[in-house]
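Observations on the three-dimensional arrangement
Single-letter residue listing:
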Amino acid sequence: MMPSGKTAEGPRRKNLDGLFKPRSVAMVGASADPHKIGHQILRNIVEGGFAGEVYPVNACAEAVLGLKTFPSVAAIPHPVDFAVISIPATAVAACMEECGQKGVQAVAVITSGFAEAGNIEEEHKLKAIADRYGMALVGPNILGVVYSPSRLNATFGPRDMASGGTAFVSQSGALAIGLMGWAVMEKMGMSALVSIGNKADVDERDLIEYFNHDEHVKVTLVYMEGLKNGRDFMQTRISKPVVMLKVGRTQRGARAAASHTGSLAGSDQVFDAAFRQLGMLRADTFREAFNWARALALPPMPGRKVLIITNGGGIGVRATDECEKAGLHLLDDPEWLEETFRPVMPSYGSTKNPIDLTGGAAADKYSQAFKSAVISDKFDALLVLYCETVITDPLAIAQGVSREYEAAGRRKPVVAAMVGGERSRQAIHFLNQQGVPAFTSVADAASSLNALAQWHEISSREKDDPECSQAPREAVRIVEQARKEGRSALLEHEARQVLELCGVPVPPAAFARDLDEAKLKAAALYPLAMKIASPQIIHKSDAGGVAVNIRDESELAEKYSAMMKTVSERVPDAQIEGVNLVQMAEGIECAAGLSSDPQFGPVVMFGLGGVLVEALKDVAFRIVPFGRVEAGRLIGDIKARNILDGFRGARADRPSLVQILCAIQKLAGLVKEVDINPIRSSEKGSFAVDARIIL
Ligand code: COA
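None of the values given here were measured: they were computed from a predicted structure. (Residues numbered from 1 in each chain as written. Predicted model: local features only at pLDDT ≥ 70, side-chain atom pairs only at ≥ 80, totals over all residues. Heavy atoms only, no water.)

For the rest of this paragraph, the subject is the environment of Ala174. Mapped onto the fold, Ala174 is located in helix 5 (residues 173–185). Separated by 23 residues in the primary sequence, Ala174 and Gly197 place their C-alpha atoms 9.8 Å from one another. (Helix = DSSP H or I, 4+ residues; strand = E, 2+ residues; numbered from the N terminus.)

Here you go:
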């Protein structure tokens, strides 16, 4: 196997078959002492039923758990595909070197005490060894790896995890252990669990892309605390649902930036943007993430129409509310509903969706109703509800539903919510084991169906085609000239010129050095705004350097004198170059910006403009590069999007806004920040009225 280094965007993936489908595993640090981690991992490998060869490595003991031990990896007289390393940090590099020489394909380093403890150099050493031999390195500082299809449990977590469609990738080992225990208790199976710890080598992208091609994995769930290389992460290809649980939401706004718009680029919002751009579903809590993951393993949900079968009116109403809240709609077809469900319910039951079989409905009635429903194409998902009563048996109902589901070939998504005590709990566990996601709450059920519908929408959405063109030569010249002059920002007229050269529409404008020149150039521009031009003044309004709606020459002269007086009082040292005269543009005020995120590099922001951009913080981001389709989605991400579409008034022009968002990407890498605020957008188009470009 060829060694491969990790580069920002180039090919670098290592084959992970050695990790998940090894023919043999060496357990280094396999102690006879049951209190030691190495002992417990070996026990899990052996008792978990791994069918390949297992070689305990221990310098002292002769046998552990009845298996002959070897003093080192080198001393194993057979090939080894995968080595789990649980020995003190100081010995790990030497052990990995041996593994490399032996041709081991993958190592999982359980040991802590590397980068997370400040020991960065030692961790780099491990990565270098892994690269030199083309070995995949998971960790260090991890819980280990579970892969159900190989019956491989190389962790010191619970042993009896059932198999299922979810692959769980966790940056935190301790949380992964806890959640393994919880999953076992809730009878939720997983196909894989990989604790990636410090991510010295194998990371989320490697695993998501590996699982794209793994028939046993239906959904990948990632618990993430941070990323090392956002731009590399943005190259992740996904062909199956990915649920992201990224913590650290409240660290927004950590980044200090020179301009106001840039200061909104809180990195959590940028993470949000990254997940959206990649088509990943972001969950807020573990519960939500695991609920979604289970639902995402169901057959596709091509629309949002839901049918509910229930034994109680109250829970039916609750579920209706939750469905509506989640953007799901109840099937409304009174004739078909009456015809289909009347025969399976008493006269006082209801055939209005939710279908209320009433409190006495036992397993036979549920089964009949389910059977009639599940074969229909009139709706996209089925939600089965149950409230526990003493005269009905929840487990029998669950068994009946599951039987009919299998008989119908699992045709469409089915989820259940069962409310009650211990007997309902058992029924929920049964359904979970059968691959029917079952919940104790209707909100969880509705939210899970929403995730499934979202995934269908994502996977069938229009493909984006990022535009990677560069700024034109003349724009580069203007920027470089300003740099040569030692300036940290472009003057307004320069900024406008640069934007125009990149393809951003700007209103007609002129630059004038004095009042006489202003009078001359203003003639063709009324009504206009006049703005001070000074390298020292960035916030022009604060300095009294903005006058709007000037209609004629006498008003121009009057406002000009007033402006010069105020500016010289407020910023006495400012060197005044002249004024910018800009034709007033009508329309909704929007704002767009380009700034740089520490993890993802250049990002583009869009939001409502003027003072609203700061007051409401209603902005959204995308990571550069992106194309017109993604720019359209960015505009659609702001909460006030219906204002753009003419809510009680004029509408904005989306195509020209898209054009602006695409055009400003040309300045990525050339300047530090672009802040266009406001953009005026109306049916006549969108124009960058004011802009700042920081070098
Ligand atoms: N080759 C072979 N065997 C070796 C060895 C080597 N280079 N170095 C040590 N061993 C043996 C030891 O002799 C010992 O066996 P013994 O009990 O029979 O004597 C066994 O391997 C383990 O070594 P030991 O020194 O006892 O370490 P330990 O088990 O106390 O701790 C770690 C090792 C890896 C568990 C510990 O260093 C550590 O990092 N703990 C934190 C792990 C963690 O929390 N990870 C993150 C999870 S979220």
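Back to the write-up after that little detour.
What the rule picks out here adds up to 45 salt bridges. Lys199 is the salt-bridge partner of Glu204, the closest N and O atoms lying 2.5 Å from each other. Each member of the pair Glu204 and Lys199 is classed as buried. The salt bridge partner of Asp645 is Arg654, with a shortest N-O separation of 3.0 Å. For Arg654, a relative accessible area of 25% gives the class partly exposed. In this structure, a network of salt bridges that share partners links the residues Lys246, Asp268, Asp272, Arg276, Arg282, Arg622, Glu630, Arg633 and Asp637. (Salt bridge = Lys/Arg side-chain N within 4 Å of Asp/Glu carboxyl O. Buried < 20%, exposed > 50% of the residue type's maximum accessible area, 1.4 Å probe, protein only.)

Taken together, 21 residues sit near the ligand, with Ser31, Lys36, Asn58, Ile110 and Ser112 positioned nearest. Ile110 places a main-chain nitrogen or oxygen 3.0 Å from a nitrogen atom of the ligand. In isolation the ligand has 960 Å² of accessible area, and contact with the protein removes 69% of it. (Near = heavy atom within 4 Å. Polar contact = N/O pair within 3.5 Å; in protein donor to acceptor, adjacent residues only side chain to side chain. Areas by Shrake-Rupley, 256 points an atom, 1.4 Å probe, with all protein chains shown as cover.)

Taken together, the four strands give an open sheet; going across it, the order is 21-24-22-23, and neighbouring strands pair in antiparallel fashion. Looking at the sheet topology across the chains shown, the edges are occupied by strand 21 (509–512) and strand 23 (546–550). If you compare each strand with its neighbour and ignore which way they point, the axes differ by 20° on average. Strands in contact with helix 17 (residues 492–502) are strand 21, strand 22 (528–533) and strand 24 (578–583); relative to strand 24, the strand with the most contacts, it is inclined by about 40°. Across the face of the sheet, helix 18 (residues 515–522) comes into contact with strand 21, strand 22 and strand 24 while running at roughly 165° to strand 21. (Pairing = 2+ DSSP bridges. Axes fitted to C-alpha atoms, helices over the stretch in contact; angles between N-to-C directions. Contact = heavy atoms within 4.5 Å.)

Here we take up the confidence of the model for the protein chain. Residues of the protein chain with pLDDT of at least 70 account for 95%, and the chain-wide mean is 92. Predicted confidence for residues 1–11 stays below pLDDT 50, and this span has 29 contacts to residues more than four positions away or in other chains. (pLDDT = per-residue confidence, 0-100.)

Where helix 21 (residues 628–637) contacts helix 23 (residues 654–663), the two axes come as close as 9 Å, and the packing angle between them is 110°. Relative to helix 23, helix 21 is oriented roughly perpendicular. Helix 23 is crossed by helix 21, and the crossing has right-handed handedness. Contact residues: helix 21 offers Arg628, Ala631, Gly632, Leu634, Ile635 and Gly636, while helix 23 offers Arg654, Pro655, Leu657, Val658, Gln659, Leu661 and Cys662. (Parallel < 35°, antiparallel > 145°, perpendicular 65-115°, else oblique. Left-handed = near helix turned anticlockwise from the far one by under 90°.)

Counting buried positions along strand 26 (residues 601–608) yields seven of eight residues, so the element is predominantly enclosed. Note: strand 25 (residues 588–597) against strand 26, eight bridges, orientation antiparallel. Residue pairing in the sheet places Ala591 in a bridge with Gly607 of strand 26. What sits between strand 25 and strand 26 in their antiparallel hairpin is a turn of three residues. Sheet topology places strand 26 next to strand 27 (residues 619–623); five bridges connect them, and they run antiparallel. Bridging across to strand 27, Val604 finds its partner in Arg622.

Strand order in the open sheet formed by five strands is 2-1-5-6-7, and the pairing between neighbours is parallel. Edge positions in the open sheet fall to strand 2 (53–57) and strand 7 (136–138), since each of these has one partner strand only. Averaged over neighbouring strand pairs, the angle between their axes works out to 15° when direction is ignored. When strand 6 (residues 106–109) meets strand 7, the two strands line up parallel, connected through three bridges.

Per the stated rule, a full pass over the model turns up 15 aromatic pairs. Arranged with centres 5.4 Å apart and planes meeting at 50°, the rings of Phe20 and Phe211 form a pair that is tilted. Placement of Phe20 in helix 1 (residues 17–20) and of Phe211 in helix 6 (residues 204–212) is noted, with a sequence separation of 191 residues between them. The pair Phe20 / Phe211 is uniform in exposure class, with both members buried. (Phe/Tyr/Trp six-rings, centres within 6.5 Å; stacked < 30°, edge-to-face > 60°.)

A separate point is unusual backbone geometry. Peptide bonds are trans in most cases, and residues, glycine excluded, mostly fall at negative phi. With omega at -5°, the peptide bond leading from Tyr526 into Pro527 counts as cis. When you line up the elements, Pro527 lands in the loop between helix 18 and strand 22. That bond from Asn677 to Pro678 is cis: its omega, 5°, falls within 30 degrees of zero. Topologically, Pro678 is positioned in strand 28 (residues 673–682). In the Ramachandran plot, Thr358 falls in the positive-phi region, its phi being about 75° despite a non-glycine side chain. Note on placement: Thr358 falls in the loop between strand 17 (355–356) and helix 12 (363–374).

Within the element layout of this structure, Leu143 appears in the loop between strand 7 and strand 8 (144–147). Along the chain, Leu143 and Ala512 lie 369 residues apart, while their C-alpha atoms are 68 Å from each other.

On to the state of the cysteines. Going through the model one piece at a time under the given rule, you end up with zero disulfides. With no disulfide of its own, Cys387 lies 15 Å from the sulfur of Cys323, the closest cysteine sulfur. (Disulfide = S-S within 2.5 Å.)

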